[in-house]
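Topology and contacts: notes
If you want the building blocks of each chain, they are given just below.
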Amino acid sequence: CSSLFAAHNYTLMTMTIAYSLFLFVPTVGAFMSMKKSVSNDSHKLYMSTSTATSASSGMSFLSEIPVGPPDAILGIAQAFRECTDPNKVNICVGAYRDENGSPWVLPSVRAAERKMIETDVKKEYAPIDGDQEFVKLALQFAYGADLDYATTAAVQTLSGTGACRIGGEFFGRFLGKGHKIYLPNPTWGNHVKIFKDCGLDVQRYRYYSPETNGLDLAGMLEDLKNAPEGSVILLHACAHNPTGCDPTLEQWKEISDVVKAINGVVFFDSAYQGFASGDAELDAAALRLFVSEGHKVTLAQSFAKNFGLYGERCGTLSILTNSAEEKAAVMSQLKLIIRPMYSSPPIHGSGIVKTALSDDALRAQYYAECAQMAKRIGSMRTLLVQKLKEAGSEHDWSHITDQIGMFAFTGMSKEMVQRLTAEYSIFMTLDGRISLAGLNDGNVEYVAKAVHSVTKGKSICG
């Protein structure tokens, strides 16, 4: 009986303990749940505070960033768009316009695009150095059929701007930061910024004489003679921007001799081949002369103006070397510059140029259309001078018809240009450069009368 009682007590005790544990377990569970909830809330609060602190500290530097100055040319274009004057005229931006003032896509370009669609061109990545079939055709266009491609290092670039930047980076690495590069005064405004950003020491040589509104050959040659040996000398291949003043072939020969005497590194920028005179072969004469004279030139080449491919960003950079081994080394380094910068170039614009230049019929059509653009620009030069005379101007404007390419360097002062914009809603760069592509039969007389108004009785020579 006692044994039975003991067993009963044991069973009762076991049940009591089990019941107590049963009651306790959910309490622990509730406690753990509450602890987890508090922990989560604390974590959320911490993360919220941490993120806010991080965001605050991470973003605080932005409040210290100053507003940069607007681009000189693009800022003027924006002001033109915002102007409400019905008589406004844009003679600032360097892009071709037809006789109606509208952008013109060359019919040969449209035909090339249709041919590309018909042949089912893919949208794959280009190699780092670009489409080499396009590059070969582009180099033949510039240098001629006799180019030794086996010793020419060449890559496809983001138009002429990209070519200048890649070339500048190459010089900065292998000639050294702080190496001197000589640019004409004046030159395309972006040249200075590009080469400074590449770490080169930008110097200037005299090029344009405000006193004569023409080429200052004597000053140019003197400055180049005094440049340190091995300096990079940047030259505009044709249709100098912004002046439109090009040396004659005989003068180019003098320049070549001086640059050779200082062992200068020749860097041609060719943005207007074919667009300057209407003859692509003629516009390549200076470049080809320097090559024939033994210069191992570097060439930045653009197809924005002469093919009207402004938004396609299509160009090349080429460097003439002494051997296939040198070419391989240079190519390897150009690829190392390009890869972390933009990896590979776009393919549509280069496909258009390749298609047009590799098809006999399209190539002939393109050459005719390029000559047509150059002819219209030339006619606007003549008509502007004629309308200035008709307006009563007594100035000698012959420098406008002597110049070549898209631009006319008028000799007008900053104050004169500002009056043109304020009083007549005529938008142009402050250095007095006119983009002749912006003129047409419908506005040239208005522009001429306005120019006469602001220049009457004042000098247009510096």
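Rules and cut-offs
Residues numbered from 1 in each chain as written. Predicted model: local features only at pLDDT ≥ 70, side-chain atom pairs only at ≥ 80, totals over all residues. Heavy atoms only, no water. Helix = DSSP H or I, 4+ residues; strand = E, 2+ residues; numbered from the N terminus. Buried < 20%, exposed > 50% of the residue type's maximum accessible area, 1.4 Å probe, protein only. Contact = heavy atoms within 4.5 Å. Areas by Shrake-Rupley, 256 points an atom, 1.4 Å probe, with all protein chains shown as cover. Arc of directions from axis to C-beta. Pairing = 2+ DSSP bridges. Right-handed = clockwise from strand over helix to strand, strands pointing away. Expected span 1.5 Å × (residues − 1). Lys, Arg positive; Asp, Glu negative; His and termini not counted. Salt bridge = Lys/Arg side-chain N within 4 Å of Asp/Glu carboxyl O. Polar contact = N/O pair within 3.5 Å; in protein donor to acceptor, adjacent residues only side chain to side chain.

As a further point, take the overall build of the protein. Along its length, the protein carries 16 helices and 13 strands. The buried share of the protein, taken over its 462 residues, is 46%. Of all intrachain contacts in the protein linking residues separated by at least 6 positions in sequence, the fraction that spans at least 24 positions is 75%. Of the roughly 22,800 Å² of accessible surface on the protein, 57% is carried by carbon and sulfur atoms.

This next bit is on helix α15 (residues 414-424). Along α15, the positions that sit buried rather than exposed are Met-416, Val-417 and Leu-420. Seen from one end, α15 has its buried residues packed into an arc of 100°, which puts them on one side. Set apart from the buried face of α15 by more than 90 degrees, the exposed residues are Glu-415 and Ala-422. Buried residues in α15 make contact with β12 (426-427) and α16 (444-455). Where α15 terminates, the next one or two residues include Ser-425, which has phi positive at roughly 55°.

Turning next to the pairing of strand β8 (residues 265-270). With 5 of its 6 residues buried, β8 lies for the most part within the structure. Pairing of strand β7 (residues 232-236) with β8 involves 5 bridges; the strand directions are parallel. When the bridges of β8 are listed, His-236 appears paired with Asp-269. Since β7 and β8 lie parallel, the crossover through helix α8 (residues 249-261) that links them has a hand, and here it is right-handed. As judged from the 4 bridges shared by β8 and strand β9 (residues 298-302), these two strands associate in the parallel manner. Residue Phe-267 lies in a different strand from β9, and its bridge partner there is Thr-298.

It is worth spelling out the pairing of strand β3 (residues 180-185) at this point. Where β3 meets strand β4 (residues 201-206), 6 bridges bridge the pair, whose relative direction is parallel. In the sheet register, Asn-185 faces β4, and the bridge partner there is Arg-206. One ladder, built from 2 bridges, connects β3 with β7; its direction is parallel. Following the sheet pairing, Ile-181 is matched in β7 by Val-232.

Along its 16 residues, helix α5 (residues 159-174) runs 23 Å from first to last C-alpha, staying within 8% of the 22 Å computed at 1.5 Å per residue. Burial of α5 is extensive: 12 of the 16 residues sit out of reach of the surface.

This part covers the side chain of Glu-369. Checked against the element boundaries, Glu-369 lands in helix α13 (residues 360-390). For the buried Glu-369, which has no salt bridge, the nearest side chain bearing the opposite charge is Arg-114, at an N-O separation of 8.8 Å. Of the polar contacts made by the side chain of Glu-369, one reaches the side chain of Gln-365; its length is 2.8 Å. With residues up to four places along the chain from it excluded, the contact list for Glu-369 reads Trp-104, Leu-106, Pro-107 and Ser-108.

Attention now goes to the pattern of salt bridges. For side chains bearing opposite charge, pairing can occur when the charged atoms are close. Per the stated rule, a full pass over the model turns up 17 salt bridges. Residue Arg-110 pairs with Glu-113 through a salt bridge whose shortest N-O separation is 3.0 Å. Placement of the pair is Arg-110 and Glu-113 together in helix α3 (residues 107-118), with a separation of 3 residues, close to one helical turn. The salt bridge partner of Glu-222 is Arg-206, with a shortest N-O separation of 3.1 Å. Of this pair, Glu-222 sits in helix α7 (residues 217-225) while Arg-206 sits in strand β4, placing them 16 residues apart in sequence. Residue classification places Glu-222 among the partly exposed residues on the basis of a relative accessible area of 43%. Arg-206 sits in the partly exposed class, given a relative accessible area of 36%.

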